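For reference, the chains in residue letters:
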Amino acid sequence: MRALPEASVDLVFADPPYNLQLGGELHRPNNTRVDGVEDAWDRFDDLATYDAFTRAWLSEARRVLKPNGTLWVIGTYHNIFRVGATLQDLDYWILNDVVWRKTNPMPNFRGTRFANAHETLIWAAKSADARYTFNYASMKALNDDLQMRSDWLLPICGGGERLRDEDGKKQHSTQKPEALLHRVILASSKPGDLVLDPFFGSGTTGAVAKRLGRRWLGLEREEGYAKVARERIAKVVPVADPELITPQEKRAEPRIPFGWLLENGLLEPGTVLYGPGRRWSAKVRADGTLISSDHRGSIHQVGAAVQGAPACNGWTFWHLDVEGKAVPIDLLRQKLRAQLN
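The rules behind these values
- Residues numbered from 1 in each chain as written.
- Predicted model: local features only at pLDDT ≥ 70, side-chain atom pairs only at ≥ 80, totals over all residues.
- Heavy atoms only, no water.
- Helix = DSSP H or I, 4+ residues; strand = E, 2+ residues; numbered from the N terminus.
- Rg over C-alpha atoms; globule rule 2.2 N^0.38 Å.
- Buried < 20%, exposed > 50% of the residue type's maximum accessible area, 1.4 Å probe, protein only.
- Contact = heavy atoms within 4.5 Å.
- Lys, Arg positive; Asp, Glu negative; His and termini not counted.
- Charge placed at Lys NZ, Arg CZ, Asp CG, Glu CD.
- Polar contact = N/O pair within 3.5 Å; in protein donor to acceptor, adjacent residues only side chain to side chain.
- Salt bridge = Lys/Arg side-chain N within 4 Å of Asp/Glu carboxyl O.
- Phe/Tyr/Trp six-rings, centres within 6.5 Å; stacked < 30°, edge-to-face > 60°.
- Lys NZ or Arg CZ within 6 Å of the ring centre and 35° of its normal.
- Pairing = 2+ DSSP bridges.
- Axes fitted to C-alpha atoms, helices over the stretch in contact; angles between N-to-C directions.

Trainee: Just give me the short version of the overall build of the chain, but keep the residues and values in it.
Mentor: On a plain count of helices and strands, the chain comes out with 10 helices and 13 strands. At 25 Å, the chain has a C-alpha radius of gyration far larger than the 20 Å of a compact globule built from 341 residues. Projected onto its principal axes, the C-alpha coordinates of the chain cover approximately 75 × 45 × 40 Å. In the chain, buried positions account for 43% of the 341 residues. In the chain, of all internal contacts separated by at least 6 residues, the share reaching a separation of at least 24 is 66%. Across the chain, the 45 positively charged side chains and the 42 negatively charged ones have centroids separated by 3 Å.

Printed below as a string of structure tokens:
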């Protein structure tokens, strides 16, 4: 990373060594040996050495990130709290901690503690004022039109996705599932952005970035892993149609003032609108404002006032009565936007 230009990277995804501090081999109840993480790259002399390593790579990541770029780092209880503290010491601004809850975690074979069924991702910007990329609408669409939460239920890497050699041995002990990187990259970057993975391993980040039309850069010091990653990514076919990978964010859509619905005949002055459960009502005025028994103003102002709330999204709060069914006025906005497009 020291060889990279300053402020040249849009997104960093880092899966650093976890410093698992394992003591001895682990066996299943049937006495078969668990294929865990025993690689030399995951061993550090002590916590101070690991902290210095963490501070060094996070400092370089901060240097190469663009002002509005973001960083993701993943870890377990062994390291993620130390990484998080260092992030804050280096003036990163933490946006979210995301829990990756595994559908198929490894059991605790010794029965001495809870099964470790999740890993934690920290998503951070360079500053509190950064105008970072977050493709909110894409995440909502990915989640069946529900707001994406910070707990992600995804399987660990297995089956045909798990890279193995001719003897069936894992080619990388901590290969991450492509589903995880798909969500990270889709959420926080745009086509053409440069995605950096400073612990490239088997190349999952590069494979997903290439498929989604992002540029990518992977740093890997183990030649065996680098060879696996090159061969894997060479087989990836990028999505050909740019329209299929371009985030469709509402912010990019033309603004539709409420009054335009009246001008275009989708609403009439005097139409009664209702809040949830018909607890509140207001009439539409010819100038696109609403009037209730005690308040008048925009759809947002009156919606907030009747609830005694500081703010309100009037498009989703107010509904029309259509043959006894409550229909949000946002559907009329969408209809008009489609006509204008």
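Trainee: Just give me the short version of the environment of T316, but keep the residues and values in it.
Mentor: By secondary structure assignment, the location of T316 is in helix α9 (residues 314-317). With 14 residues separating them along the chain, T316 and D330 place their C-alpha atoms 6.1 Å apart. Looking at T316, its side chain comes within polar contact range of the main-chain oxygen of N313, at 3.2 Å.

Trainee: For the pattern of salt bridges, give the residues involved together with the corresponding values.
Mentor: Where side chains of opposite charge bring their charged atoms close, a pairing between them can arise. Within the structure shown, the criterion is met by 14 salt bridges. Between K227 and E231 there is a salt bridge, with the nearest N and O atoms lying 2.7 Å from each other. Here K227 and its partner E231 are both found in helix α6 (residues 223-234), four residues apart, which amounts to about one turn of the helix. On the basis of relative accessible area, K227 is assigned to the partly exposed category, the value being 47%. Residue R333 pairs with D330 through a salt bridge whose shortest N-O separation is 2.7 Å. On the criterion of helical spacing, the pair formed by R333 and D330 is a turn pair, its members being three residues apart in helix α10 (residues 330-340). A relative accessible area of 16% places R333 in the buried class. When salt bridges that share partners are traced, they join E178, R211 and R232 into one network.

Trainee: Describe the packing of aromatic side chains, naming the residues involved and giving the relevant values.
Mentor: When we look at a pair of aromatic rings, we describe it by the centre distance and by the angle of the planes. In the structure shown here, the tally under the stated rule is 12 aromatic pairs. Seen from their ring centres, W57 and F199 are 5.2 Å apart, and the 85 degrees between their planes marks the pair as edge-to-face. Taken as a pair, W57 in helix α1 (residues 47-64) and F199 in the loop between β6 (194-197) and α5 (204-211) lie far apart in primary sequence, 142 residues in all. According to the relative accessible area criterion, F199 is buried, its value standing at 19%. With 6.2 Å between their ring centres and 65 degrees between their planes, F134 and Y136 make a pair best called edge-to-face. The exposure class assigned to Y136 is partly exposed, which follows from its relative accessible area of 31%. An aromatic cluster of three or more residues is present, and its members are W72, W123, Y132, F134, Y136 and W152. The positively charged end of K102 is found above the aromatic ring belonging to W100, 5.1 Å away from the centroid.

Trainee: Summarise the pairing of strand β5 (residues 151-154); cite the residues concerned and give the values.
Mentor: On β5, burial follows the alternation: W152 and L154 on one face are buried, whereas D151 and L153 on the facing-out side are not. When strand β3 (residues 93-102) meets β5, the two strands line up parallel, connected through four bridges. Of the residues in β5, the one forming a bridge with W100 is W152.

Trainee: I'd like a rundown of the sheet that holds strand β7 (residues 215-218), residues and numbers included.
Mentor: Each strand in a sheet pairs with another by means of backbone hydrogen bonds, the pair being arranged parallel or else antiparallel. If you walk across this open sheet you meet the seven strands as β5-β3-β4-β2-β1-β6-β7, and the pairing is mixed. At either margin of the open sheet sits one strand with a lone partner, and together these are β5 and β7. For this sheet the average axis-to-axis angle between neighbouring strands, irrespective of direction, equals 20 degrees. The strands touched by α1 are β1 (9-14), β2 (65-75) and β6; relative to β2, the strand with the most contacts, the crossing angle is about 150 degrees. Each of β1, β6 and β7 is contacted by α5, which is oriented at about 170 degrees to β7, the strand it contacts most.

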